[in-house]
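Topology and contacts: notes
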Amino acid sequence: MKRILIAFSFAASSALLFAQEAADKIRTITVDEAVILAADNNISLKQQRLSLETLERKNKTSWNAIGPSASVSGNLGLPLDGLVTGKEASSKFTYGVSASVGLTLTPSLFTAVRNAKLRYESGKTGYETAVRQIELNVRKLFYNLIYTKESMALQKRNMETAKLRYENNRDKYNRGQLSELDLLQSQYAYESQRPAIESAEIAYQNSIASFKQVLGISQNEKIELSGSLSDAVPPDSFTLTQSVDDIPAVKKLEASIEMQKNSLLATRFSAYGPSLSASYSWGLNGSDKTEGIKNHQENHSLSFNVRIPLDGLLPWSNGSQSIANQKASLADLELQLENEKTTASLTIQNSIKNIIQKQSQMDMLDRNVEIAQKAYDMTLTAYNHGSRDLLTLQNASDSLLKARTERELQVYNLICAVLDLENTLGIPFGSLGEDK
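Definitions and limits used
Residues numbered from 1 in each chain as written. Predicted model: local features only at pLDDT ≥ 70, side-chain atom pairs only at ≥ 80, totals over all residues. Heavy atoms only, no water. Axes fitted to C-alpha atoms, helices over the stretch in contact; angles between N-to-C directions. Helix = DSSP H or I, 4+ residues; strand = E, 2+ residues; numbered from the N terminus. Parallel < 35°, antiparallel > 145°, perpendicular 65-115°, else oblique. Left-handed = near helix turned anticlockwise from the far one by under 90°. Contact = heavy atoms within 4.5 Å. Salt bridge = Lys/Arg side-chain N within 4 Å of Asp/Glu carboxyl O. Buried < 20%, exposed > 50% of the residue type's maximum accessible area, 1.4 Å probe, protein only. Phe/Tyr/Trp six-rings, centres within 6.5 Å; stacked < 30°, edge-to-face > 60°. Expected span 1.5 Å × (residues − 1). Pairing = 2+ DSSP bridges. Patch = residues over 30% accessible without salt bridge, like charges linked within 9 Å, V, L, I, M, F, W, Y side chains within 5 Å. Areas by Shrake-Rupley, 256 points an atom, 1.4 Å probe, with all protein chains shown as cover. Lys, Arg positive; Asp, Glu negative; His and termini not counted.

Relative orientation of the contacting elements helix α2 (residues 31-41) and helix α5 (residues 108-174) amounts to 140°, with a least axis distance of 9 Å. In terms of orientation, α2 lies oblique with respect to α5. As for the relative orientation of α2 and α5, their crossing is right-handed in sense. On α5, the residues touching Val31, Asp32, Ala34, Val35 and Ala38 of α2 are Ile134, Glu135, Val138, Arg139, Phe142 and Tyr143.

Taken as a whole and assessed by the stated rule, the structure comprises 10 salt bridges. When the shortest N-O distance is used, the salt bridge between Asp420 and Lys140 registers 2.8 Å. Taken as a pair, Asp420 in helix α10 (residues 390-425) and Lys140 in helix α5 lie far apart in primary sequence, 280 residues in all. Given the relative accessible area of 32%, Asp420 is considered partly exposed. Accessibility expressed as a relative area gives 23% for Lys140, which makes it partly exposed. We note a salt bridge from Glu408 to Arg407, for which the minimum N-O separation is 3.4 Å. A single network of salt bridges, built from pairs that share partners, joins Asp32, Glu135 and Arg139.

All told, the structure shown has 4 aromatic pairs when counted by the stated rule. Their ring planes at 55° and their centres at 6.4 Å tell us that Phe142 and Phe211 sit as a pair that is tilted. Linking Phe142 in helix α5 with Phe211 in helix α7 (residues 194-215), this pair joins segments that are 69 residues apart in sequence. Seen from their ring centres, Tyr166 and Tyr190 are 6.2 Å apart, and the 15° between their planes marks the pair as stacked.

Here we take up helix α8 (residues 248-272). Here α8 spans 36 Å end to end across 25 residues, near enough to the 36 Å set by a 1.5 Å rise per residue. Where α8 is concerned, the buried positions are Val250, Leu253, Ile257, Gln260, Asn262, Leu264, Thr267 and Ala271.

With that out of the way, let us pick up the pairing of strand β4 (residues 222-225). Burial of β4 is one-sided: the residues Ile223 and Leu225 facing one way are buried, the residues Lys222 and Glu224 facing the other way are not. Sheet topology places strand β1 (residues 26-29) next to β4; 4 bridges connect them, and they run parallel. Bridging from a neighbouring strand, Thr28 pairs with Glu224 of β4.

Glancing now at the environment of Thr30. By secondary structure assignment, the location of Thr30 is in the loop between β1 and α2. For the pair Thr30 and Ser228, spaced 198 residues apart in the sequence, the C-alpha separation amounts to 9.8 Å.

Together, Leu103, Leu105, Leu276, Val306, Ile308 and Leu310 give the surface a local cluster of nonpolar side chains, amounting to about 530 Å² of exposed area. You can see Val306 is positioned in strand β6 (residues 294-307).

Relative to each other, helix α3 (residues 43-60) and α5 sit at 165°, their axes nearing to 9 Å. By the angle between their directions, the pair α3 and α5 is classed as roughly antiparallel. Between α3 and α5 the crossing geometry is left-handed. Contact residues: Ser44, Leu45, Gln48, Arg49, Leu52, Leu55, Glu56, Lys58 and Asn59 in α3; Ala116, Lys117, Arg119, Tyr120, Gly123, Lys124, Gly126, Tyr127, Ala130, Val131 and Ile134 in α5.

Tracing the backbone shows Glu422 in helix α10. Of the side chains with opposite charge, Arg139 lies nearest to the buried Glu422, which makes no salt bridge, at 6.5 Å. In contact with Glu422, not counting residues within four places along its chain, are Arg132, Ile427, Pro428, Phe429, Gly430, Ser431 and Leu432.

With respect to the element layout, Lys261 can be found in helix α8. A residue is classified by how much of its surface remains accessible, and Lys261, at 37% relative accessible area, is partly exposed. As a C-alpha pair, Lys261 and Lys327 span 66 residues in sequence and 8.5 Å in three-dimensional space. Excluding residues that lie within four positions of it along the chain, Lys261 makes contacts with Leu330 and Glu334.

This is the structure:
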């Protein structure tokens, strides 16, 4: 019994240890891995895929409207005259079998098949747009978390410096080399930074939770982001070879125009186009006579029908009015396309100017960090020699922290500006400026 209890205790301890190790395991995620996770697990993309699969099935079976219709029917009759009148019926039973095959051809069959194909192509475009939007959001969230983490690291380093300064001043105060006022000022400069860091930590954890939701992973899973803002900074110069006609927004409108043209053609077919129908039927009717004589009759029928609508020739008819409305909608879409090309061209130009401006500001911010670092080092040396007071040193430290934070924020904004331009152009994210 003791051996059994010892073995059981060992197994339970091993299981608890394994569970603890699994809980403490941290999953490292790069930006590309985050994009893949979101593409596989995001709920909205799964819904988009279901809709796309439905459109694909409709496209593959859109030709079924051309197929013939067929039907078979039969009947069997049992006379009840003998039961009612007591006399023998003239027949034991009667029967009938019939079959028919029909085919209807209308001009709208062509537009129906083409409409299914256009809707499927539009669905694919919509799905690709949704995938790109998710990827754009994931990349922005990823780099925002990286920026927040680096900003927190700067604040923590600044607090550590303030803590060391306070401890140094406390030693000086204990040796009688520093006034109590200077000690209290250094203590306040150190401890006053703690609430801001704690608030930033809580905000960061909330952002991590939202990021997990976008990726579709468990909230209990611990993750760590691998990467830095400097890795995603684009080159200083790049050349765009993308045509305005290849921009996704323009392509989407062009697809809408094609669908509208097909809809107009279908309306014209409905108003003016003739329809042809053909049918063949076969029937067999008979009865089994009481005298033992079987009687049956077989018949065949083939018919053709042509229908030519004339309502569309009347200007005030519903068909004519529908055609006029479809033409107006088509003209409106063509104007939207022309305007979209102009808007897209201006958007690209403004985005490039914005990126160039941010790149030029990066040089200034780099110089500001160097100047602030040099000023802080000189002020710290002067403070240690007693020629500068604590307030001057604290101001120099705040200026250095501000310069570093502004530089990191500018890097993040530059990355987002490049991502937005890549999204507008419809090119792969991270490819802007790469040698082709």
